[in-house]
Structure formats: C-alpha cells, structure tokens
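Breakdown of the fold
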Amino acid sequence: MVKRFAGWLMSTPATLLVLLLLLVPVAATIAATFGDARGPFAPYADFFGSAFRRAVLWRTIEIATITTLIALFVGFLTAFVVSRAPGRLKSILIIAAVFPLLTGVVVRSFAWLIILGKNGILNNFLLWLGVTDKPFAMLYTEGSVIVAMVYLFVPLMILTLVGVLEGIPDDLLQAASSLGATPAATFRQVVFPLAVPGLIVGAVLVFTGSFTSYATPQLLGGERQMVMGTLLYQRAMVAFDWQGASAVAAIMVVVTVSVVLGMTRIARRLNPMSS
Amino acid sequence: MTQPLTIERLSAHYGKVQVLEDFSLKIEAGELVSLLGASGCGKTTTLRLIAGFLEPTGGTIRLGDQDLTRLPAHRRNIGLVFQNYALFPHLTVAENVGFGLKQRGAAVPERAARVAAMLERVELTDLGDRLPAALSGGQRQRVALARALVIEPPLLMFDEPLSNLDAKLRVGMRAEIRQMQRANGTTSVFVTHDQEEAFSISDRVAIMQAGRIMQFDTPETLYSRPANAFVARFVGFENLIEMRVLARKGDLVEAEAMGGARLTLSQVEFGAIPDAFVLGARPEGLMVVGPDAPGIPATLGLRSYLGRAYQYLCDSAVGPLTAQGLLGAAQEVGSAARLQPVAAQCCILAPEA
Amino acid sequence: MKQPLHPALIAFAVVVFFFLVAPLVIILGAAVSDTTFLTFPPKGFSTRWFVKIFEMAAFRRTIVTSLEIAFLATGLALLFGLPAAYALNRYRVQLPSWLSTVFVLPILVPEIVLGFSLLKSVAVGVDMPVFATLVAGHTLIVLPYAVRVISASLSSFDFSMEEAAISLGSPPIKTFFTIVLPNVRSAVIAAFILAFITSINDVSVSLFLTGPGVSTLPIQILAHVEQFFDPVIASVSVLLMVLTVGVMAVVELTLGLTFLAK
C-alpha cells in the first residue's frame, strides 16, 4: 500500500515548494495585470503606449540577440578547439572556462567597469597608443553592456558545446576525410550539422539569460541603457508602480517562454537524428 | 585502376610506445589481404597508418607509383569501411553514399545517377531517403560498403567491419564483400581478429603479433604449414611437442620426445623432418588408442563430447595434451592410453631459438 | 590521430581565453593597488583594502548573511531535492512524466520576475520575515541543481542493486543510505557546490527580498559601487573568487572539474 504512493510521498514536498513559492506567486503577478481597476489590459496599454518603455523592450531584445549571435560564433569555434585539444590541455581550458562561470555576475560585470571606464585600462591604453587624445565615453553605452554580456555568457556556450562536440565520434571525422573531405569541408558538412542541437540549447540559454539580466546592464548601462530587468526594478522599487512592474514581468515571462518553446520546436525540426 | 600497395619498413609510436617496427608488406593489385591478430597486435595501427589518420615515424607507404606516406588523409583516395560503420547520422542513406562524390566536385545529376546505381548494387534502392538510425545493422553495413565503393578507390580497407553483426548475417555479408571486391578487382586490406573470417575471405593473410608479421601466406598454407609455433597455435595446433631424431630408415624416422616417448613418423606423410623439430598436432591430430599400441603414453583426464568424437585432456610425460578418441570407445577418466599422431592434422616446425 | 587544427582557429581560441581570464586578473591587480581609486596595473602594493572590508560593518554583516543563506538554502534544496530525484528515477512508471518538468521551472522563469513575485506574494503578501523570504527564494532557485544533477546520476543507477541488498536482508531505508547514496555521492557533492555558488552569487532574486538591516553580499557590492569607486570592491571580488577557487579545488579533488562540463 505504501509502495503505491512512495513515489508521490518523496516527490511531493519539492513539488509543493515549487508550487507555493513559484507557480502561485508568478501566476499572481501575471493575474494582477489583468485585474487593473481601469480595465483588464490597462497596464499593457500603459507599457506599449510609452515610447520609452517600447524602446526599453526593443533595446533588450537587440542586446540579447546580438549577445547570443556573438556568443554562438565565439563559443562554437572555441569549443571546437577545446574539444580537439589533447587531454591535459583540455582540462586546463575547461577549468579556464568554468572559473569565470562560477564567479558571480556582479564581480564579472564590475571588471568591465575598470576596463571600460573613463580612466579605465582601455582608454589609458588608447591614449598611450596615441589613437586618441581624449578618453572615449565607453561606459553606459549599448556596446559596453553587450561586451560584458558576451563575457558573461561565452563560458556557458563553450561548456555547452564542448559536451556536444565531444559526443561526435572521431570515426565520423575520419570517415569524412577518407572520402576526400578537406578539414574545412568536414567541419561544415559533418561537425556543424551535428552540433546544431547544441547550438540551439546554447542560444536559448544565452538569449534568456541576457534578456532577463539585471546586474550587468545596471552596472554598465545604468539609467541611460535601461533594459527590461532594470526597468522592472525601477518600476517596482523606485516608482512603486507595482502594476507597471507586473506588466514588465509578464512580458518578460511571455518572451522567455516563447523563445524556449519556439527554439525547442526548431531544434526538433533541425535535429539530424529525427526523420 | 587497381594498384599494388607496398609498405616498406614502416614504424609507428603512440607516445613512447613503439607499436609497429620495421613493418613491410606488399599487396598485389586486385588482391584481398587480411591482417589477422589479437587486439593490440598492430593491425588497426597499420590500417590507420595506410589511411593517413596516424603518422609513421619511419618508412614508406606506396600505392602503385604514388607515395602516400605524407599525403593528408583526405587526398589518399582510399575507400574505408569502419568497424561501427561511421555513417553520418544527419545525412540520408543516399547523401551518405554521395558524400565522397560531392567532395570530388561531381555534378548533381552524375552524383545522383552513381548513387542510385550503387544503392541498387547493394540492394538498398528503396531506403535512399532513410536516415542511418532507421536502418538495421546489416543495412548500415551495406551503406558503409556502398559509400566506400562509390568513389571507385584504387584501395579498399575494412576495419573489422563485421564484428557488430550477428553470426548469421556475418557469414552472408562476408560473401557479399568478397563478391563485390572480386567484381571490381580492387586491392583490399581487411582487418579482423576472427580467423575463420580472414581465411574465408582472403587471397592471403598476414598473421600479426606485437607489431610484426609472423607469417604472410595463403590461408591454405597457413592452415596446414604454419611457419612457427605462434602461427601454429593460432591456427589450432594446440599440442606442440619438442622432439629429436634418433634414427632414419628410408622414409621412416624414429624420434624421441622429452620424457622418452618414441614415435615412428613417415616423411612421405609428414614431409621432411629435420634432426630437431617440434611436432604440432591439433586435438584431432592425436588419436587415442589402446595402451599397447605405439604412440605417446598418456593418462586420460576430462572427457568432453564433441558430436563427431570425444575430446580428452591428457597427462603425459611431455606435458598436458589434448587428444580425440572415437565415439564407439569412450574411455574413463584415469585410464591409460597411447596417443598416435595423424599426419593430416599435424605439422612439423623448426625448433624455436 | 586527430585532424590538426588550423593555426588561425588556435589563435582565435587563445584570444578568447585571454578575453575570459584577463578581466579577473585585472580585478586581482586592482585589489592590491596602494591607491584610493581603482586602477590597473596596480600602483604600489597594499593589502589594506582587504583589511578595510572587515572594518566596514555593512560588508561584515552581508558576508555572514550570504554564507548563512547559501548553507541553509543548499541544505534545504538537497533535503527536498534528493527524495524527489530518487522518486523521479525509482518510481518513473508510477509518476506522471510532467513531474520532472516542474523542477525545471525555477530556471525557465526569469529570476528577476521570481524575485519580484516573491516580494509581492510572500514578503508583503503573507508578511514573511526578510531573512526567511531570502532563504525561501534561494532554496527555490537552487532546487533545480539538486534535482537535476542527482537525477542525472540516478538515471544510470541500477536499482536492482537496491533490490539485491533488500533481498539480502537490508531494510529499505538503510539500503538507501548504504547502497544508493554512496553511488551518487559525487552527484550530491556537485549539486551542493553548484547550488552553493549559485546562491552566493545571486542578484536577481535577492534584489527584491533584502530589507532593512538584512542584505546579501552581491547586493551590498552593487550598492557600494553606485556610490564609491574604490579598491574595496575589487578586494571583495577577490574574496569571492578565492571562495570559488576553494570550491573548485574541492570539486577537482573529489570529481575532476571536467565533470562540470557535462
């Protein structure tokens, strides 16, 4: 008798935790946006009625997209090198990728404050080179946010893809070359197509991560480069406009969930192993 | 089209371990040669060196007039059939077969025609659109074969291609590979650890051990006239008995084994016998006879039933021996008997240094 | 044995790894600079900024709070997650397939949305104390690590071993501790470490849940950076990195770091 419920008995506490602390509160946040005194869609009308907030949404999507594309390119090539590296070197490279990943977002973003600041390393270097005679304003631009985001997410992409690339048997690469494929052709026609599912997983992780980030755009973009995350905080904790904040939250959930579901669908269609 | 493969003084290392030393082998045009040996004997290393996946530390590999030794793998033009087939999982059967043609820049219509013709040859015409995951083991094997053949390589190589198939399929595929190779007359190298497979498929077999060729000959010669004790044991001469000649009378030779057992052997039956030699005998080459008949005295041990005969583990003055006896005369454990060599199942070897 | 890589590709990877490591080296340099402003390369050498961290009550307090929360949240997540991971694998047939998806939700839902929702519904809604809400929020975001990492390990565990032990007379609960747990030990350690580091570094959830007198280290760092731009931040960052190195060393010694790449 106990046996029949044992599985439930053990999984229910954790399920309840997620239900009570996640599903109920998040559902309440989203539900609140439809319970506005002024009508069910008023907070959304406010959001999309404001040119500033529309720009924030657009900027966030832009930053996340650019970050994802750069991370895909950089991560894929680097992961390929790592996956083909000899044993010992490979472990060292993986450690070099894991370490930044385990270092906090705040710390890693802060590093770019030192690098990109008006008296930062990069400006000092450019002055010393004589490229310019007065420092560039690099902080608080979209570019500075993107650079830091790429820095944030490249290790994640590398680690995701190393796993995928290592799963490609050496035999396949040898088969390709025995059939006359040059290394470049092997990469294009065998390695890349087989890595597509991994690239999609990586893209989803990086896009959702950068779309919903807070600390990096806050430190490197400030008020001038407001994104959805910083907007949510500003609405909730500075303006105390909880309805407005809830609308921002709801839009973030919708975008995130649709990207995840959409990409999973694409992944299923592109999966080389399914007919 | 078809060309001889010449390997001269090849050596190779994995790190500091030398896996191939001073290895030479010449395979005639159109010949199918097997490299046979246990794992770690260097057969796969040899194949990978020929394919260009490993770089030799010395020696040359030539195919016809062309020196392959330093040529990158993708320019060697060798058809390779892998142990686990190595089919591209993201490409259809037809795309897999057409992969090599595509690399050679063949036009799409030509490619399609040649792929279709090849699929017909391996009887996979209807499966051209399937992905490898949807095929059975035997079908994958055919795709791998078709993919290697369609580029019409001057050299075909097989890396234990049948080891992942079940026994029945294996025998069928063996015949197919042989027929296909005969029809094309392509020089071929076949790597395997299965003696029956190597012997049934090859023109000649190189038996390898520890990075060296122990004997390179036709299967018939290897089977009946092994050149040394290693090959003899490998082809089933389980009993190796060291002997020396005491006297010669015409064709007859009287020889003595360690422990004093004496045998009279006919050189007409056994071939020329040197003064010191090793008598190799398969279990069926040592016949259990009565204790009063001539032969090696032995005490019979464990008896097992083989269907056509009984096999006995025996104790003798020359050490443990395996012999066979007639079904009609089952002997009990512990009984005394003599073991008589049967020339057709024996061989004469020079003693090892 | 492998295809040699194109030199340009190798050069590219070298640049990428430089890009990954250099900023962390810069922080290290800035932390030991004998100046009152952040600079790199460091001018002079001084450890006074490390001393300074502990002289500042706000940092002292938040370091302790962050550690307390990380230990509590990780412990709770394992307490809830271990039985769930076990059930998901051992009773796969009797449990619905969507159940495992439940434990992915805390990763799927944006953390910052979660933080805001917890503020509204839990901190304000049911008036939970600040510290308790922080622990609850952190437990939730690290729960997926506990469930998924341990579950992945259990999925290759042969449960007939457990049956063998029971048939030999070992009671079921004891069997779990003597047979099952030792076999997934490395996964439990990995889950603990990933969860701990995630909690220690969390910003997005804590952001909304910190209250008067109770804050976490990353939130304190953020607040400090907005006002001052001195080497204290660099030295706190170094402190966090040292913690990470320590944790990584533990992983390396117990499992090997490549484990994390899986």
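Just so you know, these numbers come straight off a predicted model, no measurement behind them. (Residues numbered from 1 in each chain as written. Chains lettered and ligands numbered in written order. Predicted model: local features only at pLDDT ≥ 70, side-chain atom pairs only at ≥ 80, totals over all residues. Heavy atoms only, no water.)

Re the environment of L101 of chain B
Residues and elements named next belong to chain B. To keep it simple, the criterion reads: Helix and strand definitions here come from DSSP, where helices need a minimum of 4 consecutive H or I residues and strands a minimum of 2 consecutive E residues; each element is numbered from the N-terminal end. Only heavy atoms matter for contacts: two residues are in contact if any of them lie within 4.5 Å across the pair.
Among the secondary structure elements, L101 is positioned in helix α2 (residues 93-103). In this structure, the C-alpha to C-alpha distance between L101 and R147, residues 46 residues apart in sequence, is 9.3 Å. Dropping the residues within four chain positions of it, L101 is found in contact with A106, R111, R114, V115, V150 and I151.

Considerations on the packing of aromatic side chains
We count it as follows: In summary, the pairing rule links any two rings of Phe, Tyr or Trp, Trp by its six-membered ring, whose centres are within 6.5 Å, and it sorts them by plane angle into stacked for under 30 degrees, edge-to-face for over 60 and tilted for everything else. Classification of residues uses two cut-offs on accessible area relative to the type maximum, computed with a 1.4 Å probe and protein chains only: under 20% is buried, over 50% is exposed, and between them is partly exposed. Two conditions define a charge sitting above a ring: the NZ of Lys or the CZ of Arg must be within 6 Å of the ring centre, and it must be within 35 degrees of the ring normal.
Applying the stated criterion to the full structure yields 31 aromatic pairs over all chains. Both rings, one in Y86 of chain C and one in Y91 of chain C, keep their centres 6.4 Å apart while their planes meet at 75°; by these two values the pair is edge-to-face. Here Y86 of chain C and Y91 of chain C have matching classes, each one buried. Among the aromatic residues, those joined into a ring-pair cluster are Y86, Y91, F157, F159, F176 and F177 of chain C. Across from the ring centre of Y310 of chain B, 4.9 Å away, lies the NZ or CZ of R303 of chain B, which sits over that ring. We note R90 of chain C situated over the ring of Y91 of chain C; from NZ or CZ to the ring centre the distance is 5.2 Å.

Thoughts on the sheet that holds strand β10 (residues 212-217) of chain B
Residues and elements named next belong to chain B. Here is the rule: Two strands are said to pair when DSSP picks up at least two bridges between them. Interaxial angle, 0 to 180 degrees, is taken between N-to-C directions of lines fitted to C-alpha atoms, where a helix line uses only the stretch in contact.
Within the open sheet, the six strands sit side by side as β6-β7-β8-β3-β9-β10. Their pairing is mixed. The open sheet terminates on both sides in strands that have one partner only, identified here as β6 (78-81) and β10. Looking at each pair of strands side by side, their axes are set apart by 20° on average, direction ignored. Pairing geometry for strand β7 (residues 155-159) and strand β8 (residues 187-192), over five bridges, is parallel. Paired with L155 across the bridge in β8 is T187.

Let's talk about the domain arrangement of chain B
As a measure of interface size, the accessible area lost when the parts come together is often cited. Residues and elements named next belong to chain B. Test applied: Boundaries between domains were set according to an automatic or database domain assignment. Take the accessible area each of two parts loses on contact, using a 1.4 Å probe, and add the two losses: that sum is the buried area. Take a side-chain nitrogen of Lys or Arg and a carboxyl oxygen of Asp or Glu: if they are within 4 Å of each other, that pair is a salt bridge. Any pair of N or O atoms that falls within 3.5 Å is considered a polar contact. Within protein, one atom must be able to donate a hydrogen and the other to accept it, and sequence-neighbouring residues count only if both atoms are side-chain atoms. Each residue receives one of three labels: charged for Asp, Glu, Lys and Arg, nonpolar for Ala, Val, Leu, Ile, Met, Phe, Trp, Tyr, Cys and Pro, and polar for the others, Gly being one of them.
According to the domain assignment, chain B contains domain 1 (5-232) and domain 2 (237-349). Between the C-alpha centres of domain 1 and domain 2 there is a distance of 41 Å. Taken together, the contact pairs seven residues of domain 1 with five residues of domain 2. Roughly 510 Å² is buried in total at the junction of domain 1 and domain 2, and carbon and sulfur atoms are behind 58% of that figure. Considering only the surface of domain 1 that becomes buried against domain 2, Y223, P226 and A232 emerge as the three largest contributors, covering 72% of it. Here domain 1 is connected to domain 2 by zero salt bridges. Scanning the region where domain 1 abuts domain 2 turns up two residue pairs in polar contact (both at pLDDT 80 or more). Those elements that provide at least two residues to the side of domain 1 that touches domain 2 are α7 (219-224) and α8 (229-234). The residue inventory of the side of domain 1 that touches domain 2, partitioned by class, reads five nonpolar, two polar and no charged.

Brief notes about the nonpolar core
In summary, soluble globular proteins display a tendency toward joint burial of nonpolar side chains. Here is the rule: The nonpolar core is taken to be a set of buried Ala, Val, Leu, Ile, Met, Phe, Trp, Tyr and Cys residues, with the residues joined through side-chain atoms within 4.5 Å.
Counting residues in hydrophobic clusters, the biggest one holds 247 residues, and the most contacted among them are L232 of chain A together with F103 of chain C. One finds I241, L300, L321 and I348 of chain B within the second-largest nonpolar core, a separate group that totals 30 residues.

Thoughts on the interface of chain A and chain C
Taken together, the contact pairs 82 residues of chain A with 77 residues of chain C. In total, about 7100 Å² of surface goes out of reach between chain A and chain C, with carbon and sulfur atoms giving 83% of it. Our count for the contact surface shared by chain A and chain C stands at zero salt bridges. The tally of links between chain A and chain C comes to seven residue pairs in polar contact (both at pLDDT 80 or more). Here the element with the most residues in the side of chain A that touches chain C is helix α1 (residues 2-34) of chain A; it accounts for 21 residues. Residues belonging to the side of chain A that touches chain C are distributed by class as follows: 61 nonpolar, 16 polar and five charged.

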